[in-house]
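Each chain, letter by letter, is given below.
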Amino acid sequence: YNALTNKYKLIELPERVDNAALPEIELVDMTSERQKIFEIFREERKAEFVKDPVAARSSKRKPEFSSISSLLKEKINDRLSKKEGIILLQNRRGFSPFVECLDCGYVEMCVNCNVSLTYHITKKHLRCHYCGFVKAPPDVCPKCTGIELSYKGFGTQRIEEELQKMFPAARISRMDLDTTAIKGSHDKILKHFASGEIDILLGTQMVAKGLDFSRVTLVGVISADIQMLLPDFRSAERTFQLLTQVAGRAGRTGALKGEVIIQTYQPKHYSLKHATTHDFIGFYNEEINYRQELSYP
């Protein structure tokens, strides 16, 4: 906006260094992923009832959901076999969780400000941090009547444990505020990753910016929704920035092609649509209209 009003001069970088191609970006609809798991679980339950109805009725087994989609798991296995580097992003920063339906992806939004409502556990209500709008949290999803309403997502520590079970032979390192609190730990982790001593680098937004490792060919975003659904009118802009930044970690040389997998419950969101095509002009044109409609800066 400042460039278009001649306050700034817009300087673009139309090509990557060494003529490296931009990575291909693919979205994974986690709602569909959950539905597939449900279908498999239902078929298994049917078989259990046929085999032993009494035992099946008393069983408390539930479907097991993973933070890693089948596609991302397949891509990680491929890169591990090739000894190529993998970066996984889960930007789990400190904020009150939003309420999201895991069946259809519906999120409780403020009727006045069009930002996600924050759940306050002490008063057990949903509140808008802009206008103060308050409502009771739903028992069922208003959109699909589903009962799988989530108040919490996956943190980096939980994902690390899941990765260790899923890829027992892989060398995994986590980089977040907990693991980099000691002086020099940040550099130590990056040196081990650069030398190939670490296969998978999992972290918060500190893995998204500035890292230049030629061996990285796969970037996975565990949940794009964390940043996108923060109760802030800039959340879409910051999501677009974060995704384009982390995508830039993959395939930084012409020798090895990069690939990015972004997991989300909101696959039709405009910030993701433009991020997949590296189209910051397209994102700007859409975002500026929302800012103007609601008189935001």
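Residues numbered from 1 in each chain as written. Predicted model: local features only at pLDDT ≥ 70, side-chain atom pairs only at ≥ 80, totals over all residues. Heavy atoms only, no water.

Draft legend 1. Looking closely at the overall build of the chain. When helices and strands are tallied, the chain shows 9 helices and 11 strands. Relative to its length of 297 residues, the chain is compact, with a C-alpha radius of gyration of 21 Å against a globular reference of 19 Å. Taken over 297 residues, the chain has a buried fraction of 45%. Long-range contacts, defined as pairs at least 24 residues apart, comprise 69% of the intrachain contacts of the chain with a sequence gap of at least 6. Carbon and sulfur atoms form 52% of the exposed surface of the chain, whose accessible area is close to 16,700 Å². (Helix = DSSP H or I, 4+ residues; strand = E, 2+ residues; numbered from the N terminus. Rg over C-alpha atoms; globule rule 2.2 N^0.38 Å. Buried < 20%, exposed > 50% of the residue type's maximum accessible area, 1.4 Å probe, protein only. Contact = heavy atoms within 4.5 Å. Areas by Shrake-Rupley, 256 points an atom, 1.4 Å probe, with all protein chains shown as cover.)

Draft legend 2. How the structure looks around helix 7 (residues 235-247). Here helix 7 is 13 residues long and its end C-alpha atoms lie 18 Å apart, about the 18 Å a rise of 1.5 Å per residue gives. Along helix 7, the positions that sit buried rather than exposed are S235, A236, T239, F240, L242, L243, V246 and A247. (Expected span 1.5 Å × (residues − 1).)

Draft legend 3. Spatial organisation of the pattern of salt bridges. Summed over the entire model, instances satisfying the criterion amount to 21 salt bridges. Linking R171 and D199 is a salt bridge whose minimum nitrogen-to-oxygen distance equals 3.0 Å. Taken together, the positions of R171 in the loop between helix 4 (156-166) and strand 8 (172-175) and D199 in the loop between helix 5 (185-194) and strand 9 (200-203) put the pair 28 residues apart, joining distant regions of the chain. Residue classification places R171 among the partly exposed positions, given a relative accessible area of 41%. By relative accessible area, D199 is classed as buried at 9%. (Salt bridge = Lys/Arg side-chain N within 4 Å of Asp/Glu carboxyl O.)

Draft legend 4. Structural view of the packing of aromatic side chains. On inspection of all chains with the given rule, the structure shows 8 aromatic pairs. Aromatic pair F38 and F65: ring centres 5.2 Å apart, planes at 65 degrees, arrangement edge-to-face. Highlighted residues: F38 in helix 1 (residues 30-51) and F65 in the loop between helix 2 (53-58) and helix 3 (70-82), separated in sequence by 27 residues. Overall, F38 belongs to the buried group, its relative accessible area being 18%. (Phe/Tyr/Trp six-rings, centres within 6.5 Å; stacked < 30°, edge-to-face > 60°.)

Draft legend 5. The arrangement of the pairing of strand 8 in detail. Both faces of strand 8 are covered, namely the face carrying I172 and R174 and the face carrying S173 and M175. Bridge count between strand 8 and strand 9: 4 bridges; the pairing is parallel. Note on strand 9: the bridge partner recorded for S173 is L201. Where the polypeptide runs from strand 8 across helix 5 and back to strand 9, its parallel neighbour, the crossover connection is right-handed. (Pairing = 2+ DSSP bridges. Right-handed = clockwise from strand over helix to strand, strands pointing away.)

Draft legend 6. Highlighting a nonpolar patch on the surface. Residues L10, F280 and I281 make up a contiguous nonpolar surface patch of roughly 260 Å² in combined accessible area. Summarising the element assignment, L10 is placed in the segment before strand 1 (24-29). Its relative accessible area of 47% is what places L10 among the partly exposed residues. (Patch = residues over 30% accessible without salt bridge, like charges linked within 9 Å, V, L, I, M, F, W, Y side chains within 5 Å.)

Draft legend 7. Here's a closer look at the layout of surface pockets. Reported here for the largest pocket is a volume of approximately 1,400 Å³. Contributing to the lining of the largest pocket are 37 residues, with L13, F240, T244, H278 and F280 lying nearest its centre. Mapped onto the lining of the largest pocket, the elements with two or more residues apiece are helix 7 and helix 9 (280-293). Here the lining of the largest pocket takes 8 residues from helix 9, the largest share from any one element. (1 Å grid on protein atoms, 1.4 Å probe; cavity = no way out; pocket = protein on both sides within 12 Å on 5 of 7 lines; lining within 4 Å. Points joined across faces, edges and corners; volume = space filled by probe spheres on them.)

Draft legend 8. Quick look at helix 3. The terminal C-alpha atoms of helix 3, which comprises 13 residues, lie 19 Å apart, in line with the 18 Å expected from a rise of 1.5 Å per residue. All buried positions along helix 3 are accounted for by L71, L72, K75, I76, R79 and L80. After helix 3 finishes, the residue K83 shows a positive phi value of roughly 65 degrees.

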